[in-house]
Amino acid sequence: MASLPLTFVTISPKAKHTATVILAHGLGDNGLDFSNNKEMRTIASQLPHIKWVFPSAPERFITAWKGDSRRQGLTKGWLDFLREPLTYSSEYDDIQDYDEGIIKSVMLLDAFIQFEIDSGIPEERIVLGGFSQGGAISLITGLGGSQWRGTSDTKDGWKLGGVICLGGWLPMREKYKKRLSMHASTIPVFWGHGVQDESVTWGLSWESAEFIRDKLEVRYGQYTKVGEPGVSFMSYGVAHWMAESEVEDLRLFLKKVLPLEG
């Protein structure tokens, strides 16, 4: 079995391991600190059959921080961004280096998915997700096809049990829509966002979800359909983190898409 390309932290299942959740942290964070958040530990304790994996992103230069002496030159991140405050611009779709940087991150997370499959966990029993940048790269990795992997092989993305985006957005839109996998419309997506978020605004996140509405079913605030194929977009009264009610909704989502077996 191949070794994994990044350092990571695991929360081991308390019962028989029958499912895995891989969660990617936000900019400047790391797998260890993300895994130690009370919210993560709470959900993990309530779903004993699930193994939790928290990879740490590689260090990268952030273009928006250039010339800012208050910011580190390098920080852990899944993708670059050009300026602050964070907004969408079509120029992201046209920058080759930006595209290649995302492809590298996709392939890193692919390695974690493949590791779980090689360990005996089926694709449909794996959920990929993340917070902020981690949510953005999870939308691309979890729902994207072979063009996000720098290859034109016959495997057109993953058929995962689900995808989670917490406080995230779509950094590229036109390319993203063109590169959705053939499985994308069949995968349940939990997309939660705080209405008071100033780091990644609620409007940026909702516009991202609306943009792919012609490709995927996008539902706003429909609790009864959480866990069904398509995007369940949920809003919460918090800033750039998770509300208690969001944690509970996420637990119910995982309970539905990764039910306890046996």
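Keep in mind that this is a model prediction, so the values were computed, not measured.

S.K.: How do you make sense of the packing of aromatic side chains when you look at a structure like this?
M.R.: The geometry of an aromatic ring pair is captured by the separation of the ring centres together with the interplanar angle, meaning the angle of the planes. Enumeration over the complete set of coordinates arrives at 14 aromatic pairs. Taking 6.0 Å as the distance between ring centres and 85° as the angle between the ring planes, the aromatic pair formed by W202 and F233 counts as edge-to-face. Of the two residues, W202 is situated in helix α6 (residues 202-211) and F233 in strand β10 (residues 230-236); the sequence distance between them amounts to 31 residues. Given the relative accessible area of 24%, W202 is considered partly exposed. Given a relative accessible area of 0%, F233 falls into the buried group. Aromatic side chains W206 and Y220 sit 5.4 Å apart centroid to centroid with 65° between the ring planes, which places their arrangement in the edge-to-face category. You can see W206 sitting in helix α6 and its partner Y220 sitting in strand β9 (residues 218-220), a full 14 residues away along the chain. Site record: aromatic cluster; members linked through ring pairs are W191, W202, W206, Y220 and F233. Lying over the aromatic face of Y88, R173 brings its terminal NZ or CZ to 4.0 Å of the ring centre.

S.K.: Teacher, can you tell me more about the side chain of S232 here?
M.R.: By the secondary structure assignment, S232 is in strand β10. Look at S232 and you get buried, because its relative accessible area is 0%.

S.K.: I'm lost on the packing of helix α3 (residues 96-118) against helix α4 (residues 133-143) in this one. Help?
M.R.: When two helices pack together, their arrangement is captured by the angle between the axes and the distance separating the axes. Contact geometry of α3 with α4 gives a least axis separation of 9 Å together with a crossing angle of 70°. Here α4 runs roughly perpendicular to α3, going by the angle between their axes. Contacts from I102, S105, V106, L109, D110 and I113 of α3 reach α4 at I137, I140 and T141. In terms of residue class, the contact of α3 with α4 is built from 6 nonpolar, 2 polar and 1 charged.

S.K.: For this particular structure, what's the right way to read unusual backbone geometry?
M.R.: Glycine aside, residues mostly have negative phi angles, and peptide bonds mostly take the trans form. The omega torsion of the bond from E84 to P85 falls at 0°, within 30 degrees of zero and hence cis. Residue position: P85 is located in the loop between β5 (74-76) and α3. Phi angles above zero are rare outside glycine, and S132 is one such case at about 60°. Checked against the element boundaries, S132 lands in the loop between β6 (126-131) and α4.

S.K.: Before we go on, may I ask you to explain the nonpolar core in this structure?
M.R.: In a soluble, globular protein the nonpolar side chains are often hidden away together inside. Judged by nonpolar contacts, the single largest core of 53 residues is most densely connected at I102, L139, L143, W148, Y176 and W191. Those elements giving two or more residues to this core turn out to be β2 (19-24), α3, β6, α4, β7 (162-166), β8 (188-194), α6 and β10. The element that contributes the greatest number of residues to this core is α3, accounting for 8 residues. Not counting chain neighbours up to four residues away, the residues in contact with L143 comprise S138, V163, Y176, L180, S181, A184, I187, V189 and L216. V21, M40, V238 and L250 belong to the second-largest nonpolar core, a separate cluster that totals 30 residues.

S.K.: Can you walk me through the pairing of strand β3 (residues 50-55) in this structure?
M.R.: Taken residue by residue, a regular strand's side chains alternate between the two faces of the sheet. Burial runs high along β3: 6 of the 6 residues are buried. Of the two faces of β3, the one carrying I50, W52 and F54 and the one carrying K51, V53 and P55 are both buried. In this structure, β2 lies alongside β3, joined through 4 bridges in parallel fashion. Residue pairing in the sheet places I22 in a bridge with V53 of β3.

S.K.: Looking at this structure, I do not really get the sheet that holds β7. What am I missing?
M.R.: Within a sheet, each strand pairs with its neighbour through backbone hydrogen bonds, oriented either parallel or antiparallel. Taken together, the 8 strands give an open sheet; going across it, the order is β1-β3-β2-β6-β7-β8-β10-β9, and neighbouring strands pair in mixed fashion. Each edge of the open sheet carries a strand with a single partner, namely β1 (8-11) and β9. Taken over all neighbouring pairs, the strand axes of this sheet differ in orientation by 15° on average, direction set aside. Its contacts with the sheet put helix α2 (residues 38-46) on β1, β2 and β3, and the angle it makes with β3 is roughly 155°. Contacts from helix α7 (residues 244-257) reach β2, β3, β6, β7, β8 and β10 within the one sheet, and its direction differs from that of β8 by about 175°.

Conventions used here
- Residues numbered from 1 in each chain as written.
- Predicted model: local features only at pLDDT ≥ 70, side-chain atom pairs only at ≥ 80, totals over all residues.
- Heavy atoms only, no water.
- Phe/Tyr/Trp six-rings, centres within 6.5 Å; stacked < 30°, edge-to-face > 60°.
- Helix = DSSP H or I, 4+ residues; strand = E, 2+ residues; numbered from the N terminus.
- Buried < 20%, exposed > 50% of the residue type's maximum accessible area, 1.4 Å probe, protein only.
- Lys NZ or Arg CZ within 6 Å of the ring centre and 35° of its normal.
- Axes fitted to C-alpha atoms, helices over the stretch in contact; angles between N-to-C directions.
- Parallel < 35°, antiparallel > 145°, perpendicular 65-115°, else oblique.
- Contact = heavy atoms within 4.5 Å.
- Nonpolar A, V, L, I, M, F, W, Y, C, P; charged D, E, K, R; others polar.
- Core = buried A, V, L, I, M, F, W, Y, C linked by side-chain atoms within 4.5 Å.
- Pairing = 2+ DSSP bridges.

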